[in-house]
Amino acid sequence: MNGRELAVQRCRGCGRVLYPHRRACPNCGSVAPEADGAAGPGTVVDVVTLHLVPGRGKDATSNHPLFVLVLLDSGPRVLARADSALVRGDGVRLVVEESGAVVAVHDGKRRAGDGSPFVRFQA
Amino acid sequence: MSGGFVGILGAAQTAYQRRPDVNVTTESLLAEAVTSAIADAGLNRRDIDGLGVASFTLSPDRVIDLAWKLGLRIRWMIEDPMGLTMVQHARRAVEAGDASHVVIVGGDRMDSSRFSAMVSQYNATTRDIVVPTGAVGPNVPFSFLTAEYRRVHGVGREAFGRVVIHQRSRAATHRNGLFTEPLTMQDYLSAPDVTSELKLFDCVPLVAGANAVVVGEVGRGRDAKARILGYASLFNGDDQDGTGLSLGLDGIAEGIWEESGRGAADVDVLCLYDDYPVIVLQQLHELGYLSEDGLTSFSHSGYGTSHPVVNPSGGLLCCGQAGAGGTLHGLVDAVEQLRGRSGGGQVEGAQTALVTNYGMVLYRYGACMAGLLIGAAR
């Protein structure tokens with residue numbers, strides 16, 4: 001999987017990690033969050049398959065793209081496209097393609113939970 | 001203002017059209033709703049000195065362009081995608097004497113191509129980091145909310161199906177009902193999947209249409225169609241850092257009850273913003289109408305048969321969403337209910353209605369929540 005690792009912000013004032021990027025930290029109000037921290041690992045907390053695409057009527061997509069909600073170990077939740085058949089509890093890293101798409105790539109680990117639909121994760 | 005109170009003086013809703021004629025434009029829809037609402041208020045355009053507009057497709061025109069084309073000479077104006085927010089601003093403007101009679105209108109000629117263009121450019125965050133993934137539009141983010149709701153409350157898809165089935169039964173009595181054929185749970189569950197969490201009937205159909213109300217001082221020959229009893233709102237309540245399931249309506253409701261001196265038990269009609277069934281259910285939770293036990297009962301025994309009646313028009317899910325005009329659909333419906341003019345869909349004895357707006361997805365879920373409590377004028 002080619003691409004750069006997703007960048008997040010880390011607030012210089014309180015250390016809170018932010019994604020998507022902000023102009024000020026919502027926690028402490030610092031207006032200078034550092035902008036180049038790496039997102040680091042995360043865990044898939046939900047998986048959604050897209051069957052119909054807006055604006056294309058009832059034409060089903062051919063490959064049913066998979067989207068995941070990823071809870072980063074550092075705190076933020078990130079919406080990403082999955083590059084493979086991920087399930088809840090899969091460990092992932094997040095990369096940004098040249099197109100700007102954020103893509104979740106399985107890191108081969110089961111970082112939290114077992115994929116049970118009732119597993120809860122704490123930020 | 002000279003000691004009276006501010007109320008809703010008039011209300012109007014255009015016909016909703018799934019496939020509008022070529023001569024129907026956003027401007028023509030807004031103009032029709034404004035003209036009808038002024039007439040309903042017993043006013044003429046010279047009485048109007050304030051205008052507020054909610055529209056995604058009026059661009060490049062703005063509220064002043066619409067005022068010009070309608071021949072309105074105004075001293076107060078506003079633009080906002082949420083109708084209820086503008087109603088509250090108009091209320092305060094009238095109380096302060098900055099305006100006397102304000103029309104708040106919302107509407108769009110919305111179709112699939114305009115909708116696709118709008119959601120692709122909804123905001124910079126969506127454009128830059130969501131759309132490139134291929135998750136265009138709100139269905140993917142609201143699928144995550146739906147999944148979260150199912151986990152938190154331990155319910156299946158039937159819980160959402162009951163919302164749709166109830167609202168469809170109500171839409172059959174509404175003049176703008178779009179999906180009116182009776183729906184069974186089997187019909188709901190066997191409908192095409194939009195996503196792995198959403199069925200076709202969980203998503204609002206796009207329509208062309210508009211809604212408008214006139215806000216002004218009651219008295220001096222101006223009859224209220226409804227009284228404004230309370231309002232509260234919350235914007236960007238959690239910085240998009242949560243799961244999105246908490247809408248903030250519980251805190252908003254406290255503010256509304258405090259201002260109005262009413263409580264949840266006093267409400268006869270609930271016009272809850274219903275862009276997806278999960279948002280209806282979550283609002284019912286936060287308003288205290290559904291406890292955990294209540295949810296179980298609700299999910300398995302029925303919907304809408306008890307007090308208060310939820311979305312008596314069928315809501316956006318079954319009448320369609322006329323773009324930003326959807327944020328005034330519930331208010332116009334609520335005013336009609338309180339006037340006793342809802343025909344076969346009339347909630348008997350309706351005296352108090354709570355209307356909500358929810359939306360403006362910043363990243364993964366809506367960031368704006370507002371509630372308005374209105375009461376019968378009679």
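Throughout, residues of each chain are indexed from 1 in the direction in which the sequence is written. Lettering of chains starts at A and numbering of ligands starts at 1, both following the order in which they are written. For a predicted model such as this one, the threshold for reporting local features is a pLDDT of at least 70, and the threshold for listing and counting side-chain atom pairs is 80 or more; totals across whole chains, interfaces and linings nevertheless cover every residue. Side-chain measures here rest on the full set of heavy atoms in the structure, leaving out hydrogens and waters.

J.: Account for the overall build of chain A, with residues named and values stated.
T.: Along its length, chain A carries 0 helices and 9 strands. When the helices and strands of chain A are placed in sequence order, the string is β-β-β-β-β-β-β-β-β. Expressed as a percentage of its 123 residues, the buried residues of chain A come to 46%. In chain A, of all internal contacts separated by at least 6 residues, the share reaching a separation of at least 24 is 41%. Note on areas: Shrake-Rupley, 1.4 Å probe, and residue coverage restricted to the protein chains presented here. Summed over all atoms, the accessible surface of chain A reaches about 6100 Å², with 47% contributed by carbon and sulfur. A run of H or I in DSSP becomes a helix once it reaches four residues, and a run of E becomes a strand once it reaches two; helices and strands are each numbered from the N terminus. Exposure classes here rest on a 1.4 Å probe applied to the protein chains alone. A residue is buried below 20% of its type maximum, exposed above 50%, and partly exposed in between. Two residues qualify as a contact provided that any one of their heavy atoms is within 4.5 Å of a heavy atom in the partner residue.

J.: Give a detailed account of the confidence of the model for chain A, specifying residues and quantitative values.
T.: Residue and element names in this part refer to chain A. In this model, chain A carries a mean pLDDT of 84, and residues with pLDDT of at least 70 account for 81%. Strand S4 (residues 34-38) is the least confidently modelled element of chain A, averaging 79 in pLDDT, while strand S7 (residues 77-82) averages 97, the highest of any element. A low-confidence stretch, residues 113-123 stays under pLDDT 50, and its non-local contacts, those more than four residues away or across chains, total 24 contacts. Residue-level confidence of the predictor is what pLDDT reports, using numbers from 0 through 100.

J.: Before we move on, can you summarise the environment of threonine 352 of chain B with the specific residues and values?
T.: Residues and elements named next belong to chain B. On the secondary structure map, threonine 352 appears in strand S9 (residues 352-361). By relative accessible area, threonine 352 is classed as buried at 7%. For threonine 352 and valine 102, which are 250 residues apart along the polypeptide, the C-alpha to C-alpha distance reads 23 Å. With sequence-adjacent residues up to four places away left out, threonine 352 is seen in contact with Leu229, Asp266, Val267, Asp268, Val269, Leu338, Leu373, Ile374 and Gly375.

J.: So, the pattern of salt bridges: which residues are in play, and what are the values?
T.: Residues and elements named next belong to chain B. Salt bridges are identified by distance alone: a Lys or Arg side-chain nitrogen within 4 Å of an Asp or Glu carboxyl oxygen. This structure, assessed with the given rule, holds 21 salt bridges over all chains. Across the pair glutamate 259 and arginine 91 runs a salt bridge, and its minimum N-O distance is 2.6 Å. Linking glutamate 259 in helix H9 (residues 249-260) with arginine 91 in helix H3 (residues 83-96), this pair joins segments that are 168 residues apart in sequence. Judged by its relative accessible area of 6%, arginine 91 falls in the buried class. One salt bridge connects glutamate 336 with arginine 339, and the closest N-O pair in it is separated by 3.1 Å. Judged by relative accessible area, glutamate 336 falls into the buried class, the value being 15%. Under the relative-accessibility criterion, arginine 339 is labelled buried at 18%. Residues joined in a network through salt bridges with shared partners are Asp40, Glu336, Arg339 and Arg341.

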